[in-house]
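Overview (structure and organization)
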Amino acid sequence: MNKSIKEMNVLFMFHAEFIRVAKNFRDKVCEECNYSTPTFYRKMRGKDKVIDGKMVPVLSNAEKDKIREIGVSIKEEFISLITDLTVKK
């Protein structure tokens, strides 16, 4: 049974899109930074440390830049889709 977007539950559509965005972000970060999924979550929970008086960051500057770039890209895709969902009543 195919339902048009107009007939679908808007709560379900938004929830599904939020889940898709989070998964898409994780997958892109893993691909671009060459992380496994467990590494992604380990780095996400990690904190910078001071060892022998030196700061040891969880993420390199290159990783931070790439993650920001991916975040902006995902945000733009998400805004476009949400705009489409809210226009179709």
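Residues numbered from 1 in each chain as written. Predicted model: local features only at pLDDT ≥ 70, side-chain atom pairs only at ≥ 80, totals over all residues. Heavy atoms only, no water.

1. Section: the overall build of the chain
Scanning the chain from N- to C-terminus turns up three helices and two strands. Ordered by position from N to C terminus, the α and β elements of the chain give α-α-β-β-α. Across the chain, every contact between residues at least 6 apart in sequence was considered, and the portion connecting residues at least 24 apart equals 58%. Accessible surface, the chain: about 7,100 Å² in total, of which carbon and sulfur atoms supply 58%. (Helix = DSSP H or I, 4+ residues; strand = E, 2+ residues; numbered from the N terminus. Contact = heavy atoms within 4.5 Å. Areas by Shrake-Rupley, 256 points an atom, 1.4 Å probe, with all protein chains shown as cover.)

2. Some thoughts on the pattern of salt bridges
Scanning the entire structure with this criterion turns up eight salt bridges. Between Lys43 and Glu63 there is a salt bridge, with the nearest N and O atoms lying 3.7 Å from each other. One end of the pair, Lys43, is in helix α2 (residues 37–45); the other, Glu63, is in helix α3 (residues 61–87), and 20 residues separate them in sequence. Overall, the relative accessible area of 16% leaves Glu63 in the buried class. (Salt bridge = Lys/Arg side-chain N within 4 Å of Asp/Glu carboxyl O. Buried < 20%, exposed > 50% of the residue type's maximum accessible area, 1.4 Å probe, protein only.)

3. Observations regarding unusual backbone geometry
Despite not being glycine, Asn34 shows a phi value in the positive range, around 60 degrees. Residue placement: Asn34 occurs in the loop between α1 (10–33) and α2. Judged by its relative accessible area of 70%, Asn34 is exposed. A positive phi is found at Asp52, a non-glycine position, where the angle reads about 50 degrees. Within the fold, Asp52 resides in the loop between β1 (49–51) and β2 (54–56). On the basis of relative accessible area, Asp52 is assigned to the exposed category, the value being 77%.

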